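Read off the chains here:
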Amino acid sequence: MEKTIFPKPIGIINDYGKIFTESQRTELTKVLYEYDIETTRQIVVVTIDSIQPYNSIQKYATALGNNWGVGTAEENNGLTIVVCNPCKRIGIATGTGTELILTDEICKKVIENTIIPKFKNGRYYDGIKKGVTELIEKWK
């Protein structure tokens with residue numbers, strides 16, 4: 001059996017990179033769980049310190065989302081946001097059911113125009129929260 005390179009999921013927020021406070025994790029978890037319950041669409045946020053053996057955070061996010069089974073199997077409606085702080089990279093991977101609405105182009109714009117400007121000021125939580133809010137708005 002192939003050894004898994006991914007950490008075990010601990011919930012909807014997986015802050016392995018420890019960039020959020022406990023109250024930030026709680027607040028974001030609530031937003032994401034309510035959205036999941038309302039729509040059956042699942043958004044998972046993962047912060048990590050390395051994307052090895054991958055070179056592309058996008059490929060890492062896609063593989064991790066598939067490995068964890070983010071979203072429902074029938075609709076493949078998951079969204080995985082991966083932040084690697086030491087690598088200074090962020091990736092958003094969408095399930096095939098998600099990408100019909102949240103195209104790569106939309107996700108890229110949210111990363112570049114919403115998330116990264118906050119990250120540049122060290123405001124990781126604000127960037128993720130604002131990005132997630134924007135993605136949810138566009139995913140209606």
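Conventions used here
Residues take numbers from 1 onward in each chain, read along the sequence in its written order. It should be noted that, the model being predicted, local features are given only for residues of pLDDT at least 70 and side-chain atom pairs only at 80 or more, the latter also being counted only at that level, while totals for whole chains, interfaces and linings use all residues. To get the side-chain values, take all heavy atoms of the structure and skip hydrogens and water. Helix and strand definitions here come from DSSP, where helices need a minimum of 4 consecutive H or I residues and strands a minimum of 2 consecutive E residues; each element is numbered from the N-terminal end. Definition of a polar contact: a pair of N or O atoms within 3.5 Å, with one able to donate and the other able to accept a hydrogen when the atoms are protein atoms, and with sequence-neighbouring residues admitted only if both atoms are side-chain atoms. Whenever Lys or Arg places a side-chain nitrogen within 4 Å of a carboxyl oxygen from Asp or Glu, that contact is recorded as a salt bridge. Note on exposure labels: buried denotes an accessible area under 20% of the residue type's maximum, exposed denotes more than 50%, and partly exposed covers the range between, all computed with a 1.4 Å probe on protein chains only. Note on pairing: DSSP must find at least two bridges between two strands before they are called paired.

Help me get a handle on the environment of Q42, residues and values and all.
Mapped onto the secondary structure, Q42 falls in strand β2 (residues 42–48). For the pair Q42 and G11, spaced 31 residues apart in the sequence, the C-alpha separation amounts to 11 Å. Engagement of the side chain of Q42 in a polar contact is seen with the backbone nitrogen of G71, the distance being 2.8 Å.

Any details on the pattern of salt bridges? Residues and values, ideally.
Counted according to the given criterion, the structure contains seven salt bridges. In this structure, E27 engages K129 in a salt bridge whose closest nitrogen and oxygen atoms are separated by 2.9 Å. Taken together, the residues span a long stretch of sequence, with E27 in helix α1 (residues 22–39) and K129 in helix α4 (residues 124–138) at a distance of 102 residues. Owing to a relative accessible area of 27%, K129 belongs among the partly exposed residues under this scheme. A salt bridge links K30 to E34; the nearest nitrogen and oxygen atoms lie 3.0 Å apart.

Tell me about the pairing of strand β4 (residues 89–94), and please be specific about residues and values.
For β4, the tally of buried residues reaches five of six residues, placing the bulk of the element in the interior. Once strand β3 (residues 78–84) ends, the chain turns through four residues before running back antiparallel as β4, passing K88 with a positive phi of about 55°.

The quantities given are spatial measurements derived from coordinates; they are silent on function.
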